[in-house]
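Residue-level structural notes
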Amino acid sequence: MDPPGGKDMTKKTQNAMWGGRFADGPDAIMEAINASISFDKRLYTQDIAGSRAHAAMLAAQGIITDSDGNAIREGLLTVLSEIEGGNFQFSPALEDIHMNVESRLKEIIGEPAGRLHTARSRNDQVALDFRMWVRDQADAAIAGLDALCRALLVQAEAGADWVMPGFTHLQVAQPVTWGHHMMAYVEMFGRDMSRFRDARARMNECPLGAAALAGTSFPIDRDATAQALGFDRPAANSLDAVADRDFALEFLASSTICAMHLSRFAEELVIWSSAQFRFVALSDRFSTGSSIMPQKKNHDAAELIRAKIGRIMGAMVGLFTVMKGLPLTYSKDMQEDKEQVFDAADNLMLALAAMTGMVADMNANVDELRIAAASGFSTATDLADWLVRELNLPFRDAHHVTGTLVGMAEKQGVDLPDLTLEQMQSVHGAITAGVFDVLGVENSVKSRTSYGGTAPDQVREQIARWKGILA
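Report on the accompanying structure. All values reported here derive from a predicted model rather than from experimental measurement.

Take the overall build of the protein chain next. Regarding its fold elements, the protein chain presents 19 helices and 6 strands. The C-alpha radius of gyration of the protein chain comes to 31 Å, more than 25% above the 23 Å expected for a compact globule of 471 residues. Dimensions of the protein chain, computed from C-alpha atoms along their principal axes, come out at roughly 100 × 55 × 40 Å. For the protein chain, buried positions account for 48% of its 471 residues. Across the protein chain, every contact between residues at least 6 apart in sequence was considered, and the portion connecting residues at least 24 apart equals 73%. With the model as given, the accessible surface of the protein chain reaches about 22100 Å², and the carbon-plus-sulfur share is 53%.

The following block contains the structure:
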């Protein structure tokens with residue numbers, strides 16, 4: 001049995017929302033596809049903050065009375081308290097967070113609540129709420145990246161001298177240092193921070209006051225609301241203000257690149273922690289076991305981080321697809337903008353937190369790193385460089401001589417430093433004993449003193465530079 005009023009109450013609710021244009025309430029299917037309260041209730045903090053700023057501006061401009069403005073602002077604080085306390089009843093019949101809040105406000109303060117929507121539309125209201133929410137998420141991402149970079153700096157400083165293999169094609173290429181490798185990710189995540197900061201600066205324009213699409217005839221003060229809500233300025237074109245979702249797209253693009261960097265690092269951690277590599281040990285806090293193999297230690301956190309790029313990039317592609325064919329200004333398609341952004345933001349923050357925890361806890365196996373660094377003829381380039389520098393050979397000739405020596409060592413089952421001077425001189429008679437000074441892996445990394453190189457002193461300079469940046 002329907003409650004008192006039942007279906008008629010739903011009709012009355014919808015008619016009150018839409019005005020006198022519609023005689024009947026919506027079909028149940030229409031209500032289900034149209035309602036967004038199941039997900040946009042996450043915007044309640046931003047919605048209430050925007051409404052309080054709007055009410056204060058309306059009162060300051062004499063568009064509503066001071067008493068009505070104060071009643072609205074105090075009533076909205078009550079609504080906020082109810083939502084935060086878990087005592088608020090969200091209604092799908094009221095469609096979205098905006099109407100749910102306004103309806104409850106009317107129950108609390110009565111007739112003045114109806115004045116809140118003066119000089120605005122749900123179009124500029126949702127554009128405001130969503131923009132403020134994404135702005136908050138950009139700030140959270142920047143803070144998460146800052147924490148991750150600080151954890152990487154600790155690792156880099158500890159291992160500025162630890163020698164490890166550098167890879168190309170996942171084959172041992174040249175020796176590098178652990179600190180240098182950690183700093184490579186500091187650079188990557190530093191760029192991610194700058195992308196979020198750039199996107200935040202561009203999104204920091206206030207759409208409130210654009211109303212439905214054309215602005216309003218009321219004498220509003222858009223600078224006042226923009227300032228009250230922490231924006232740099234009001235958006236300059238009312239059509240663009242309600243139609244724009246670039247801020248969400250930029251956030252997703254930045255999140256996708258960041259997730260890609262996290263995925264690359266996660267892949268290395270999975271490889272490094274395997275029994276075949278044994279470069280690092282990850283803590284039990286970010287690992288799981290096997291239901292059947294008691295010896296297993298699975299680094300599931302790294303694997304899940306590696307997978308997050310799929311859903312974050314998917315969110316970006318999804319929103320681009322929604323927006324690509326929309327004419328100005330607002331279309332209901334844009335209701336599909338939020339869930340994927342919410343999901344991407346949640347998963348990015350989870351991935352950042354998990355990676356930060358893994359980096360802080362992980363222990364490098366310094367001996368295994370050094371052994372691996374010395375394998376695969378990793379100092380061959382140092383030999384070639386020595387031939388150029390000491391014997392004045394053209395690099396291509398030096399490359400050929402070095403390749404011949406590598407082939408000789410490979411046939412004998414030894415590494416380059418294990419060849420005798422006589423064996424080397426059989427390939428090029430001018431080689432001297434000085435060549436052995438560059439063939440050790442420690443000598444190799446110490447020699448890479450060019451700016452941005454792997455020499456420990458260079459690594460420490462970059463650590464100091466980043467400490468200054470993050471200070």
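The next point concerns the nonpolar core. Within the largest apolar cluster, 94 residues are counted, with the highest numbers of intra-cluster contacts made by L262, F265, W272 and M355. Looking at which element gives the most residues to this core, the answer is helix α11 (residues 246–272), with 13 residues. Every residue in contact with M355, bar those within four places of it in the chain, is listed here: L148, L262, F265, A266, L269 and I305. Core analysis: the second largest hydrophobic core is formed by 20 residues, A398, V401, A409 and L419 among them.

As for its placement among the helices and strands, L116 is situated in the loop between α6 (97–109) and α7 (122–158). Residue L116 is classed as buried on the basis of its relative accessible area of 1%. On a C-alpha basis, the gap between L116 and L105 in space is 9.7 Å, while along the polypeptide they are 11 residues apart. Beyond its immediate stretch of four places on either side in the chain, L116 contacts S51, H54, A55, L58, I72 and L105.

This part takes up the packing of helix α8 (residues 178–203) against α11. The contact between α8 and α11 brings their axes to 8 Å, and the two run at 165°. Taken as axis vectors, α8 and α11 run roughly antiparallel relative to one another. The handedness of the crossing between α8 and α11 is left-handed. Classifying every residue of the contact of α8 with α11 gives 15 nonpolar, 4 polar and 7 charged.

Here we come to helix α12 (residues 300–323). The first and last C-alpha atoms of α12 sit 35 Å apart over 24 residues, in line with the 34 Å expected at 1.5 Å per residue. Considering bend angle alone, the principal kink of α12 is centred on A307 and spans about 25°. Those residues of α12 that sit buried are A301, A302, I305, K308, I309, I312, A315, M316, L319 and M323. Where α12 is buried, its residues touch α10 (238–243), α11 and α13 (338–361).

The topology assignment puts R245 in the loop between α10 and α11. Since its relative accessible area comes to 2%, R245 is described here as buried. In this structure the side chain of R245 is engaged in a polar contact, spanning 2.7 Å, whose partner is the side chain of D337. Once residues lying within four places of it in the same chain are set aside, the contact partners of R245 are V126, A127, F130, M323, Y330, M334 and D337.

Glancing now at unusual backbone geometry. Across the junction of L328 and T329, the peptide omega takes the value 5°, indicating a cis bond. Mapped onto the fold, T329 is located in the loop between α12 and α13. Within the chain, A119 stands out as a residue other than glycine whose phi angle is a positive 70°. Here A119 is to be found in the loop between α6 and α7. For A119, a relative accessible area of 8% translates into the label buried. Of note, the phi angle at N392 is positive, near 60°, even though the residue is not glycine. Along the chain, N392 falls in the loop between α15 (380–391) and α16 (395–412). Exposure remark for N392: the relative accessible area of 67% places this residue in the exposed category.

Tracing the chain through its elements places L148 in helix α7. Taking the C-alpha atoms as reference points, L148 and G190, separated by 42 residues in sequence, lie 9.8 Å from one another. Look past the residues within four positions of L148 in its chain and what remains in contact with it is F189, L262, L352, M355, T356 and V359.

It is worth spelling out the side chain of T402 at this point. Within the secondary structure, T402 is located in helix α16. The exposure class assigned to T402 is buried, which follows from its relative accessible area of 4%. There is a polar contact of 3.5 Å between the side chain of T402 and the backbone nitrogen of A384. For T402, the residues in contact, after removing those within four places along its chain, are A380, L383, A384 and L387.

The subject of this paragraph is the pattern of salt bridges. This structure, assessed with the given rule, holds 26 salt bridges. Across the salt bridge formed by R202 and E250, the nearest N and O atoms sit 2.7 Å from each other. Here R202, found in helix α8, pairs with E250, found in helix α11; they are 48 residues apart in sequence, far enough to count as distant. Close ionic contact of E368 with R278 constitutes a salt bridge, the shortest N to O distance being 3.1 Å. With a gap of 90 residues between them, E368 in helix α14 (residues 366–373) and R278 in the loop between α11 and β5 (280–281) connect regions that are remote in the sequence. Counted as one network, the salt bridges with shared partners bring together D68, E111 and R115.

About the cut-offs
- Each chain has its residues counted from 1, following the order in which its sequence is written.
- Selection of residues for local features in this predicted model requires a pLDDT of at least 70, selection of side-chain atom pairs for listing and counting requires 80 or more, and totals for whole chains, interfaces and linings are taken over all residues.
- Here the side-chain values reflect all heavy atoms present in the structure, with hydrogen atoms and water set aside.
- In this text, helices come from DSSP runs of H or I with a minimum length of four residues, and strands from runs of E with a minimum of two, each type numbered from the N-terminal end.
- In this description the radius of gyration comes from C-alpha coordinates, and the expected globular size is given by 2.2 Å times residues to the power 0.38.
- Exposure classes here rest on a 1.4 Å probe applied to the protein chains alone. A residue is buried below 20% of its type maximum, exposed above 50%, and partly exposed in between.
- Pairs of residues are marked as contacts when any of their non-hydrogen atoms sit within 4.5 Å.
- Note on areas: Shrake-Rupley, 1.4 Å probe, and residue coverage restricted to the protein chains presented here.
- Residues belong to one nonpolar core when they are buried, are Ala, Val, Leu, Ile, Met, Phe, Trp, Tyr or Cys, and are joined through side-chain atoms within 4.5 Å.
- Helix axes are fitted only over the stretch in contact, all axes being lines through C-alpha atoms; the angle between N-to-C directions runs from 0 to 180 degrees.
- Note on angle classes: values under 35 degrees are labelled roughly parallel, values over 145 roughly antiparallel, values of 65 to 115 roughly perpendicular, and the remainder oblique.
- In this scheme, a crossing is called left-handed if the near helix is turned counterclockwise away from the far one by less than a right angle; it is called right-handed if the turn is clockwise.
- Under the convention adopted here, Pro, Cys and the residues Ala, Val, Leu, Ile, Met, Phe, Trp and Tyr are nonpolar, Asp, Glu, Lys and Arg are charged, and Gly plus all remaining residues are polar.
- The length a helix should cover is 1.5 Å for every residue beyond the first.
- Bend at a given residue is defined as the angle between two axes, one fitted to the seven residues that end at that position and one fitted to the seven that begin there.
- Any pair of nitrogen or oxygen atoms within 3.5 Å is treated as a polar contact; in protein, a donor-acceptor pairing is required on top of that, and neighbouring residues in sequence qualify only through side-chain atoms on both sides.
- Salt bridge, as used here: a side-chain nitrogen of Lys or Arg that lies within 4 Å of a carboxyl oxygen of Asp or Glu.

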